[in-house]
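Coordinate analysis (summary)
Spelled out, the chains give:
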Amino acid sequence: HTIKHGKVIPIINVDKLWSLVTEQTRLWYKEHTEKAPIIDVVRHGYMKVTGKGHLPEQPLIVKARYFTKEAEAKIKAVGGVCVLSAA
């Protein structure tokens, strides 16, 4: 088969970001607010973070190849950071 669009970008919504870490990890970072978890979505098989859904009021660091404007705004609104990664 020929693929007409040679580029497939797996996406994840911001409301699913916390599902990539365990519940125990989320609760630990909720108590220790001086630190934030680093969620590398590329390591979990996703490339793009989209802005659908809500994030809990808990800061986090998200590494991805692409971010939509909405996703970036929502992550920064809860005190998080968006890190672009090429790998």
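Residues numbered from 1 in each chain as written. Predicted model: local features only at pLDDT ≥ 70, side-chain atom pairs only at ≥ 80, totals over all residues. Heavy atoms only, no water.

**Section: the nonpolar core**
Leu17, Val41, Val49, Leu55, Leu60, Val62 and Ile75 are the most contacted members of the largest nonpolar core, which totals 18 residues. Contributions of two or more residues to this core are made by strand 4 (61-64) and helix 2 (69-77). Not counting chain neighbours up to four residues away, the residues in contact with Leu55 comprise Val14, Leu17, Trp18, Leu60, Lys74, Ile75 and Val78. (Core = buried A, V, L, I, M, F, W, Y, C linked by side-chain atoms within 4.5 Å. Buried < 20%, exposed > 50% of the residue type's maximum accessible area, 1.4 Å probe, protein only. Helix = DSSP H or I, 4+ residues; strand = E, 2+ residues; numbered from the N terminus. Contact = heavy atoms within 4.5 Å.)

**So, the side chain of Asn13**
Topologically, Asn13 is positioned in strand 1 (residues 11-13). Of note is the side chain of Asn13, whose polar atom sits 2.3 Å from the side chain of Thr50. Here Asn13 is in contact with Thr50 and Lys52, once residues within four sequence places are set aside. (Polar contact = N/O pair within 3.5 Å; in protein donor to acceptor, adjacent residues only side chain to side chain.)

**What to know about the pairing of strand 4**
Judged by which residues are buried, strand 4 turns out to be one-sided: Val62 and Ala64 face inward and are buried, whereas Ile61 and Lys63, on the alternate face, are not. The pairing of strand 2 (residues 38-40) with strand 4 spans three bridges and is classified as parallel. In the sheet register, Ile39 faces strand 4, and the bridge partner there is Val62. Note: strand 4 against strand 6 (residues 81-84), four bridges, orientation parallel. What sits directly across from Lys63, in strand 6, is Val83. (Pairing = 2+ DSSP bridges.)

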